[in-house]
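Listed below, chain by chain, are the residues.
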Amino acid sequence: MFFRKRLLSEAEFAEKFAKQLIKKIKGLKITSINDLEVISEFNEGERHHLLNNAYSEYIKDQKFIKEIIEKYVNGSSTMFLPKELLDIERILPVIKDKRFLKSLEDINAEFEENHIYEVYNEELIVFYVEDKEYSINYISKNDLEEINFPIVNLKEKAIENLSNNFEMKRHGENGYFMLTAGGNYESSLILLDIWNHENFLVEGNIVVGIPSRDVLLITGSKDSENLHRLYDSVQNINDTGDHIVSDKIFEFKNGKFEVLKL
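Residues numbered from 1 in each chain as written. Predicted model: local features only at pLDDT ≥ 70, side-chain atom pairs only at ≥ 80, totals over all residues. Heavy atoms only, no water.

All right, on to the overall build of the protein chain then. Across its full length, the protein chain carries eight helices and 13 strands. Along the longest, intermediate and shortest principal axes, the C-alpha atoms of the protein chain span 65 × 60 × 30 Å. A buried classification covers 44% of the 262 residues belonging to the protein chain. Put simply, the protein chain shows about 15,200 Å² of open surface, and 47% of that area lies on carbon and sulfur atoms. The centroid of the 33 positive side-chain charges in the protein chain is displaced by 5 Å from the centroid of its 47 negative side-chain charges. (Helix = DSSP H or I, 4+ residues; strand = E, 2+ residues; numbered from the N terminus. Buried < 20%, exposed > 50% of the residue type's maximum accessible area, 1.4 Å probe, protein only. Areas by Shrake-Rupley, 256 points an atom, 1.4 Å probe, with all protein chains shown as cover. Lys, Arg positive; Asp, Glu negative; His and termini not counted. Charge placed at Lys NZ, Arg CZ, Asp CG, Glu CD.)

In structure tokens:
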């Protein structure tokens with residue numbers, strides 16, 4: 001008889017992460033572990049490591065715990081490396097919702113003052129990041145000042161990089177589609193100039209769901225059956241997925257997506 005390994009608690013998972021991070025970064029100290037939040041100290045600087053997404057990935061596929069922890073340790077370790085100048089060719093837009101902004105502000109009260117983001121609609125916010133090998137770094141005003149890059153050009157450059165660096169593929173038929181682009185920036189594709197009935201033959205206005213960063217679902221506002229299918233998928237991913245974006249669905253009107261009132 002075979003027995004499945006016991007699921008690690010949030011605190012146990014965080015402890016495994018902390019032990020590997022200490023091995024990775026010599027001289028680093030762990031000052032606190034509170035469920036899925038690990039606080040470390042290095043060179044008199046404090047860092048918060050939030051492991052919600054890592055733990056969600058672990059729950060979905062427990063046999064890959066070693067690889068998951070290694071991925072997140074590698075990502076976290078980049079914050080302790082000497083700071084490099086921003087590479088404008090790596091700037092990309094990231095779509096998040098109001099919940100995410102609040103979680104950042106709870107950790108860092110100065111985040112809003114120092115970082116750059118734009119309100120997209122009543123639910124969604126566009127952040128700008130530098131995509132690196134193991135992590136993404138949220139861009140600050142200081143990052144742009146260091147390379148003398150005008151903030152007014154940031155959005156245009158981010159969308160240009162998104163359009164040029166990822167191959168989009170459409171999947172599906174009969175008025176229900178999924179758009180893929182590598183696995184990390186699918187939700188950001190709502191910013192591109194692709195939203196028309198030539199690309200997506202649907203009934204009524206184009207409607208999308210972006211429950212997580214790697215899922216972009218598409219149907220039409222007058223397609224009742226597929227609307228319910230899309231809504232159910234969005235809710236399910238919000239309940240069980242990782243890298244969550246939004247639990248709402250959005251209708252394309254007047255050149256942008258707005259929250260669809262059900």
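Alright, that's what it looks like, and here's the rest.
What follows covers the confidence of the model for the protein chain. Per-residue confidence for the protein chain averages 91 on the pLDDT scale, and 97% of its residues sit at or above 70. Ranking the elements of the protein chain by mean pLDDT puts helix α5 (residues 111-114) last with 71 and strand β11 (residues 215-220) first with 98. (pLDDT = per-residue confidence, 0-100.)

Further remarks concern unusual backbone geometry. A positive phi angle, close to 55 degrees, is found at Asn 148, a residue other than glycine. Structurally, Asn 148 is set in the loop between α6 (141-146) and α7 (154-165). One non-glycine residue, Asn 174, adopts positive backbone phi at about 55 degrees. Assessed through its relative accessible area of 66%, Asn 174 is described here as exposed.

On to the sheet that holds strand β12 (residues 249-253). The strand order across the open sheet built from six strands is β8-β9-β11-β10-β12-β13, with neighbouring strands paired in antiparallel fashion. Strands at the two margins of the open sheet, each flanked by one partner only, are β8 (169-173) and β13 (256-259). Going from strand to strand, the sheet's axes swing by 30 degrees on average, the running direction of each strand aside. Across five bridges, the pairing between strand β10 (residues 206-212) and β11 is antiparallel. Counterpart to Val 208 in the pairing with β11 is Ile 218. (Pairing = 2+ DSSP bridges. Axes fitted to C-alpha atoms, helices over the stretch in contact; angles between N-to-C directions.)

To continue, consider the nonpolar core. The biggest cluster of nonpolar side chains holds 38 residues, and the ones touching the most others in it are Ile 190, Trp 195, Val 208, Leu 216 and Ile 218. Mapped by element, the contributors of at least two residues to this core are β4 (91-97), β6 (124-131), α7, β9 (176-180), β10, β11 and β13. (Core = buried A, V, L, I, M, F, W, Y, C linked by side-chain atoms within 4.5 Å.)

Turning our eyes to something else, we now look at the pairing of β10. Consecutive residues of a regular strand have side chains that alternate between opposite faces of the sheet. For β10, the tally of buried residues reaches seven of seven residues, placing the bulk of the element in the interior. Here β10 folds back onto β11 in antiparallel fashion, the turn holding two residues. Pairing of β10 with β12, which is carried by three bridges, proceeds in the antiparallel orientation. Pairing of Val 207 across the sheet is with Glu 251, part of β12.

To continue, consider the pattern of salt bridges. In the structure shown here, the tally under the stated rule is 12 salt bridges. The residue Glu 57 makes a salt bridge to Lys 71 at a minimum N-O spacing of 2.9 Å. Residue Glu 57 is located in helix α2 (residues 52-60), and its partner Lys 71 is located in helix α3 (residues 65-77); the two are separated by 14 residues in the primary sequence. A relative accessible area of 13% places Glu 57 in the buried class. We note a salt bridge from Arg 99 to Asp 97, for which the minimum N-O separation is 2.5 Å. (Salt bridge = Lys/Arg side-chain N within 4 Å of Asp/Glu carboxyl O.)

So, on to the packing of helix α1 (residues 10-24) against α3. Viewed as axis vectors pointing N to C, α1 and α3 meet at an angle of 55 degrees, and their least axial separation amounts to 9 Å. Considering the angle they form, α1 stands oblique to α3. Once α1 is placed against α3, the crossing between them reads as right-handed. Every residue of α3 that contacts α1 at Phe 13, Lys 16, Phe 17, Gln 20, Leu 21 and Lys 24 is listed here: Ile 65, Ile 68, Ile 69, Tyr 72, Val 73, Asn 74, Ser 76 and Ser 77. Here the residues of the contact of α1 with α3 are counted per class, giving eight nonpolar, four polar and two charged. (Parallel < 35°, antiparallel > 145°, perpendicular 65-115°, else oblique. Left-handed = near helix turned anticlockwise from the far one by under 90°. Contact = heavy atoms within 4.5 Å. Nonpolar A, V, L, I, M, F, W, Y, C, P; charged D, E, K, R; others polar.)

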